[in-house]
Amino acid sequence: MEDSKIIELYEERSEKAIIETQGKYGRMILNLCSRILKNRPDSEECENDTYLGCWNSIPPQKPLSFKAYILKIARNLAIKRYEYIHADKRDIDKCIPYDELNNFISNQVDIDELLSENQIIESLNLFLRNLPDESRKVFMLRYWHFLSVKEIMSECKMSKSKVESMLFRTRKKLKDFLEERSFYGE
Amino acid sequence: MESNIAKLLTEVDDIYVTETIPQKICDEVYQRRNLHAFSKIAVASLAIILSLLIGMANPVWAQNLPFIGKIFEFIQEKIDFSGIYSYYATEIGEATISNGVKITLSECYCDGLNLYIAYEIVSDKPFEEYTEKDYMKKQIDYSANLYISFEGKKIALDDTGVSGLEGEFVNKNTFIGVETLSLNGKAFPEKFDLNILINNIQLLLPYPDNEFEIHGTWEFEIPMESNTEDCQVLDVELEVEKHSIDRVVISPIMITVYSSYPDIYSGTVDYDLVAFSDIWEGNAAIQGIYDATSGITRIPRYRVKSQLELYVIDSSTIDAIGIERYSRKEISEHAILYTKIDLQ
C-alpha cells in the first residue's frame, strides 16, 4: 500500500493503518531499534511504541515522507530507551556509534551553551548538505542507521580502512563545523 | 538543554534519512522484487555505464564528467604507478581558488608509508592560453611547502622522485592528476594533519625553457589517518657480506623493500636492488632512494602477482651496458644477495 493511503487510514482512525504500517515497515523499524538496543524484547517494545506514536500524532501531523517520519519516531524511542537502560548501567552492551559520536563532540565543545536545539539541527542539515555524497552516506549509515563498519563495507563496497578513514574525517569536519558555528554564532 | 548530537541527528531533513536507508534492510522489507522497477534500474545503469565509457573515450564528453571523488577511478589505470587506489581512497573534496585557478584535493589514501593524493586543477582561462609553447600533457609540476604535523611536530614530505602530478588534461581548463608523497621510507603516524601550501603550478616545457609558472596561493590543512591494516610487513633479515634485505612492506599499491649495505661505495652509485616478479618482464622496481648505508626500493604492487625475487648487486661489476638490459639469469650470476618472497 502506498504511504499516502496509509496516512489516510490514520486520519480515518482505522486500525488497519497500524497493520499496514507493520506490514510495510515493521522489519525496518525492528532492525533499526535492534541496532541501538541490541536486545530483542526492548526492540519489539519500541516497535510497538512506534505504531502508537504514529497513531497519536497523525492527525494532526501529515508527514511528507512517511518512511522517514516513522523511522524518526522509532529512532527517538530506541535512543530514549537506550539512555534509560544505560543511566543505571542496567546493561553492559554499548551502542558504539551512539557513544562514539557523543563522546567525540562533547569532549570538544559545549554546544548547549551557545546554540539552541533548532540551531543545532539546522547546522546538522547544512553540514550534511555540504558533505560529498559518499561521505554523507557513510556518516548516516553509521550514526543514523547505526550500521557496523563491516556492514557499511558491504553496503558501500568499500574497504575497512576507507570506511574508517571517511568516518574519522567526517567526525573531524563536524567538530570543526560546530565549533566554528558556536564561536561565531549568535 | 540536554543536547546530544546522536539524538539530535534524528531530526535532520527527511531526505538524508530516506536516501541512506541500507539496501540490505530495504531488500528484507521488499522481498518481492518488482520486475518492472528492476528493468528500469537496469536500463538506467546501462545508460550510466555507456555515458562513462563514451566520456572516457571522448574528451568533449569527458569535460562534463564530475571528477571530484572519482579521480583515482578515472586515472588509476593510466599512470605509471597504477593501482586500485579508488578501493582504498577516501574523498576529501577540499578546494582553494587563487588567481583564477581552483585546486581541489579530491581523494587520498595513506598506506602507512606512502600518501597518495588525487588533485583536480581547474583554470578559468584555458591552459593553452598561458603559453604558446607545447607543454607536457601528462604532468603538471608545482612548487609547494608540504609537510605533516602531529603532536606538535612537523615533518617535511618527499615527492618520491616524481615531479608534481602525473595525470592528464581532461579538457582545455582541467587537469587531473595523482601525487605520491612519503617520509622517505619512515612510517606515517596513525593520525596527522596534511599541510600543503602551493605557491605556483607549472606547465612543463621542453628544455631550456623548463616551465611556465602560474602563481597563486593554495593552502590546505587536511586531517588524515594512516591505514596499515591492508599492509603486510615481512621481516626478511637476510644478510650476506654485510649486505642485507631487512624488511618488505606490501601495501595494496606499493611494495617497499628496505635494505642495508656496508658504506664501501661512498654513496649510491654502485649499489642496486633489482626486483623480478612472476608477471612483470624486466626489473619491476620503479624507484629507489639510497643513502650511504641503507636504502628503500619501491615496486608498484600491480607488477607482482604472488612471487617476488630480489637481487642485490654491485652494479660496477655489471653495469657496462645498463642494468636494465641484463637478463634475470645474468643478474642472478652477479648477485651478492638473493631472496624470494611469496606474497599472500
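Now for a look at the structure at hand. Bear in mind the structure is a predicted one, so any value in this text is a computation, not a measurement. (Residues numbered from 1 in each chain as written. Chains lettered and ligands numbered in written order. Predicted model: local features only at pLDDT ≥ 70, side-chain atom pairs only at ≥ 80, totals over all residues. Heavy atoms only, no water.)

All names here are of chain B. The buried count for strand β15 (residues 294–300) comes to 6 of 7 residues, which makes it a mostly enclosed element. Two elements, strand β14 (residues 287–290) and β15, share 4 bridges in a ladder whose sense is antiparallel. Counted as the bridge partner of Gln287 is Arg298 from β15. As consecutive antiparallel partners, β14 and β15 are separated by 3 residues. (Buried < 20%, exposed > 50% of the residue type's maximum accessible area, 1.4 Å probe, protein only. Helix = DSSP H or I, 4+ residues; strand = E, 2+ residues; numbered from the N terminus. Pairing = 2+ DSSP bridges.)

Relative orientation and spacing of two packed helices are given, respectively, by the angle between their axes and the distance between those axes. All names here are of chain A. The contact between helix α2 (residues 16–37) and helix α4 (residues 66–87) brings their axes to 9 Å, and the two run at 35°. Between α2 and α4 lies a crossing of right-handed hand. In this structure, α2 uses Thr21, Tyr25, Met28, Ile29, Leu32, Cys33, Ile36 and Leu37 to contact α4, whose residues at the interface are Phe66, Lys67, Ile70, Leu71, Ala74, Arg75, Ala78, Ile79, Arg81, Tyr82 and Ile85. (Axes fitted to C-alpha atoms, helices over the stretch in contact; angles between N-to-C directions. Left-handed = near helix turned anticlockwise from the far one by under 90°. Contact = heavy atoms within 4.5 Å.)

All names here are of chain A. This model, assessed by the stated rule, comprises 18 salt bridges over all chains. With a shortest N-O distance of 2.9 Å, Asp3 and Lys24 are connected by a salt bridge. In this pair, Asp3 sits in helix α1 (residues 3–11) while Lys24 sits in helix α2, placing the two residues 21 residues apart along the sequence. Where salt bridges share partners, they join Asp42, Glu45 and Arg81 into one cluster. (Salt bridge = Lys/Arg side-chain N within 4 Å of Asp/Glu carboxyl O.)

Residue and element names in this part refer to chain A. Direction vectors running N to C along helix α3 (residues 40–57) and α4 enclose 130°, while the axes themselves pass 9 Å from each other. Judged by the inter-axis angle, α3 sits oblique to α4. Two packed elements cross with a definite hand, and for α3 against α4 that hand is right-handed. Along the contact surface, α3 presents Asp42, Glu45, Cys46, Asp49, Thr50, Gly53, Cys54 and Ser57, while α4 presents Phe66, Tyr69, Ile70, Ile73, Ala74, Leu77, Ala78, Arg81 and Ile85. The class makeup of the residues in the contact of α3 with α4 is 10 nonpolar, 3 polar and 4 charged. (Parallel < 35°, antiparallel > 145°, perpendicular 65-115°, else oblique. Nonpolar A, V, L, I, M, F, W, Y, C, P; charged D, E, K, R; others polar.)

What follows covers α2 of chain A. Where α2 of chain A bends most, the angle comes to about 65°, and this point is Tyr25 of chain A. Of the residues one or two after α2 of chain A, Lys38 of chain A is the one with positive phi, at around 55°. (Bend = angle between axes of the 7 residues up to and from the residue.)

This next bit is on the pairing of strand β3 (residues 114–123) of chain B. Residues and elements named next belong to chain B. Counting buried residues in β3 gives 9 out of 10 residues, a clear majority hidden from the surface. Across 9 bridges, the pairing between strand β2 (residues 101–110) and β3 is antiparallel. Note on β3: the bridge partner recorded for Ile103 is Ile121. Count of turn residues in the β2/β3 antiparallel hairpin: 3 residues, of which Gly112 carries a positive phi of about 105°. Sheet analysis places β3 next to strand β7 (residues 174–182), joined by 9 bridges and oriented antiparallel. Within the sheet, the bridge partner assigned to Glu120 lies in β7 and is Ile176.

Let us now look at the sheet that holds strand β10 (residues 232–240) of chain B. Residue and element names in this part refer to chain B. Read from one edge of the open sheet, 5 strands run β10-β11-β12-β15-β14, paired in antiparallel fashion. A single partner strand is all that each edge strand has here, and the edge strands are β10 and β14. Geometrically, the sheet is characterised by an average inter-axis angle of 15° between neighbouring strands, direction not taken into account.

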